[in-house]
Amino acid sequence: MKTKRLVAMGIAAVMGLNLLTACGNGSTSSSSGSGEGVTITFWHAMSNAQEQSLTELTDKFNAENGQGITVELVNQGAYKDLESKLTANAAADTLPDMAQAYNNYVTDYVDKIVPLDDFVKNDFDNWEDIVEGYRIENSEYGFISGLPFNKSTYPFFYNKTMFDELGLEPPKTWEDLETCGAVILEKKGIPMLGYDSMCDMLEIFLRQNGAQYVDETGALFNTPEGLEAVEFILGLYEKGYARLIGEDSYFSNLMSAEQIAGYVGSCAGVTYIVTDNEGHEFELGVAPIAQGKYNAAYNAGTNLMMFTKDEAKQKAVWEYMKFLTSAESQVKWSIDTGYVPVRTSAYESDTYQEFMNGDTPGAITARAAYGQAPYGYVPSNYFKGANEIRNKVSDTLTMCISEGRTAQETVDALVQAIDEVVK
Amino acid sequence: MKKKSFKGYIYLAPVLIIMLVFTAYPLVRAFIMSFYEDYNAVNGTYSGINIENYRALFASSDFRTALANTTIYVLFVVPLSVIISLLIANLLNSHIKFQGLFQTLYFLPYVTSVIAIGVVWRWILHSQYGLLNGILNFFGIESIGWLTDRRYSMASLIIFAVWKSLAFNIMIFLAALQGISPDLYSAARVDSTPRWRVFFRITVPAMGPIIAYAFIMGIINAFKVYNEVYALFNGAAGPNGYNSAITIVFYIYDQFYNNKKYGIAAAGSVVLFLLIMVFTMIQKLPAKIRARKEAAQK
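1. A short note on the overall build of chain B
When helices and strands are counted, chain B shows 13 helices and two strands. Viewed in the frame of its principal axes, chain B has a C-alpha envelope of about 75 × 70 × 35 Å. Burial status across chain B gives 39% buried among its 298 residues. When contacts within chain B are restricted to residue pairs at least 6 apart in sequence, those whose partners lie at least 24 apart make up 65%. Element-wise, carbon and sulfur atoms account for 68% of the exposed surface of chain B, whose accessible area totals about 17100 Å². Computing the positive centroid from 25 side-chain charges and the negative centroid from 11, chain B places the two 13 Å apart.

Shown next as structure tokens:
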């Protein structure tokens, strides 16, 4: 008897859950096509300071746009969650009016993106003012697929107190990486370097050595330059100058606990470094990353894409997109969050220049980001399988490093992993 | 008679409709999808109808690892969890002090988010400053790389999962224990039966159906394990790029959302469905045999 009741209760609970998830998906509202009183939904993956700043900007837009446009922000969790939800809703044809997205999110539904070419041509303040790398990235599908919004770069975060004590400068070249790494390992017994993203690290080193990474035909780095770059990377780990993240979640945590002297990661992550833990007080330094024979620095961050088919909503979305990417909004956004401005005019504005001259962690990071901006590249990931390649490369490279494989073995394993995806 | 059953269907209709839409329809869709080659779930295109997905599935070393891991997981987690929770439930039922407090404590894991629990367990299992290695070191045992050495990934996962699944089992066992007639225990006391004998001869048989229920639910849930892996390895399926703790559902999710191989993901879920079905049928066999025997005796 009791069993039966329990089973019944269990079934009821499961049903309840189903209903909840079912309701959660129907978030896009339908509104009439009239210009007045248009409500648009914007799916994003911003949290903490980023979400707060986005909300402030949006509140301002809602209050001041004068066209009756209301933007509804919907936080979809982390990037991965946002990506999954976009995929699922693309399949159900219930995409939001607009969303943040990387190009590799949408490879399976490029046809659902609203091309922005006409909007840009007829009603946009200076496309040329947008940083060139982002213009290229947003044109990879053969049309303008989005506007850049929250862009970051990976600078080198380091423990300035420790570097000063040892008389070290942040590494500027590959040789510096080795000499600094050796000193820190010898004097402090900890590694100097970590990389938040293994596949991006590989691409950075390849480019800095004049090698290419990958395109839709497969791996391109099975060359002498590629091998040399991989050999250098493996050496850093083997000698103990760099370490893998392993079972610790984030390098910012290790940095805060002074278990690593520095790391390369997103400039938007600066808020997660704690410099005043008891017994672990230090001054934070941020510098452009070390460069090789060639200069290269990684740029990340999503773009704004439009999905709505309703013409009135498209106009409303465009107004909002213009607002978010305007120089004024970008200055506020960048100062609040640590992202870098997407417009040259925003970079050059008095407010941003003044901010960069300050000595807050955000300002130091912004200076480093600005310092490596000229070498910035956006990896192309518009082709099918780009996402899988990222995961496979990160996994395989980590595996090879942890096993101490040789450079040639590592290159072979990476090439095989990539070609398996592309074939 | 007929009218009566018609009325019954009306009462059932809401649940039936929900089940048709959210269970039966996806089941059929997934089955069909699993035969589409290069299926694009977003715009519905595919290049052919064949068994290519199944071939790719069984050719994948990750999927074979997932099959093996899931089987190991089911074989260890379910019996361990049932046995341990049976013992704890029995202790909780023996009128100890702070009974209510303990009941709440044991039930906490059930209502806490797996991800939050995962954070705590990642610390417990940390190779350098983890609690578990601290205890091992105290007894002179060397530290183990629970979350860094791929040979221990499954062991860590099983420890974590057993602890996590105790809560639900303890709760239903406690409910069942309180339903056993006290007369039986009084009679045993009169005969001064040893405690272990009371446990095996009265408690366990009286709880037969609920234990069977715990097994069936446990096995079904264990086959679907995903969150535990995700939480323990911080979103990956094992340490240092190895998929040493990958499970079937993890594989399916990865193929669907990360690699966008919808057809292979569908094929994986069909295999999982068949596995669970076979296991559930095997489990129901003893009950059926017993029922047949009883019928024959009458």
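2. A look at helix α2 (residues 48–64) of chain A
Residue and element names in this part refer to chain A. Counted at 1.5 Å a residue, the expected span for α2 with its 17 residues is 24 Å, and the 24 Å between its end C-alpha atoms agrees. Of all the positions in α2, only Gln-50, Ser-53, Leu-54, Leu-57, Thr-58 and Phe-61 are classed as buried. For α2, the angular spread of the buried residues around the axis is 130°, confining them to a single face. Summarising the geometry of α2, the exposed residues directed more than 90 degrees from the buried face are Asn-48, Gln-52 and Ala-63. Looking at the buried positions of α2, the neighbouring elements they touch are β1 (39–44), β2 (70–75), β4 (147–153), α11 (311–324) and α12 (327–337). Note on α2: the residue one or two positions beyond its end, Gly-66, has a positive phi of about 70°.

3. Comments concerning the domain arrangement of chain A
Residues and elements named next belong to chain A. When cut into domains, chain A gives domain 1 (36–151 + 301–356) and domain 2 (156–299 + 369–422). Each of domain 1 and domain 2 was reduced to a C-alpha centroid, and the two centroids are 29 Å apart. On the side of domain 2, 16 residues touch domain 1, which itself brings 19 residues to the contact. The junction of domain 1 with domain 2 conceals about 1500 Å² of combined surface from both sides, 55% of it contributed by carbon and sulfur atoms.

4. Focus on the layout of surface pockets
Residue and element names in this part refer to chain B. Looking at the second largest pocket, its volume works out to about 750 Å³. Together, 22 residues line the second largest pocket, and Asn-90, Ser-94, Tyr-185, Arg-195 and Val-198 are the ones closest to its centre. Elements with a minimum of two residues in the lining of the second largest pocket: α3 (61–92), α8 (182–190) and α9 (195–206). A per-element tally of the lining of the second largest pocket places α9 first, with six residues. Of the residues in the lining of the second largest pocket, the class split is 11 nonpolar, nine polar and two charged.

Conventions used here
Residues numbered from 1 in each chain as written. Chains lettered and ligands numbered in written order. Predicted model: local features only at pLDDT ≥ 70, side-chain atom pairs only at ≥ 80, totals over all residues. Heavy atoms only, no water. Helix = DSSP H or I, 4+ residues; strand = E, 2+ residues; numbered from the N terminus. Buried < 20%, exposed > 50% of the residue type's maximum accessible area, 1.4 Å probe, protein only. Contact = heavy atoms within 4.5 Å. Areas by Shrake-Rupley, 256 points an atom, 1.4 Å probe, with all protein chains shown as cover. Lys, Arg positive; Asp, Glu negative; His and termini not counted. Charge placed at Lys NZ, Arg CZ, Asp CG, Glu CD. Expected span 1.5 Å × (residues − 1). Arc of directions from axis to C-beta. Domains from an automatic or database assignment. Buried area = accessible area lost by both parts, 1.4 Å probe. 1 Å grid on protein atoms, 1.4 Å probe; cavity = no way out; pocket = protein on both sides within 12 Å on 5 of 7 lines; lining within 4 Å. Points joined across faces, edges and corners; volume = space filled by probe spheres on them. Nonpolar A, V, L, I, M, F, W, Y, C, P; charged D, E, K, R; others polar.

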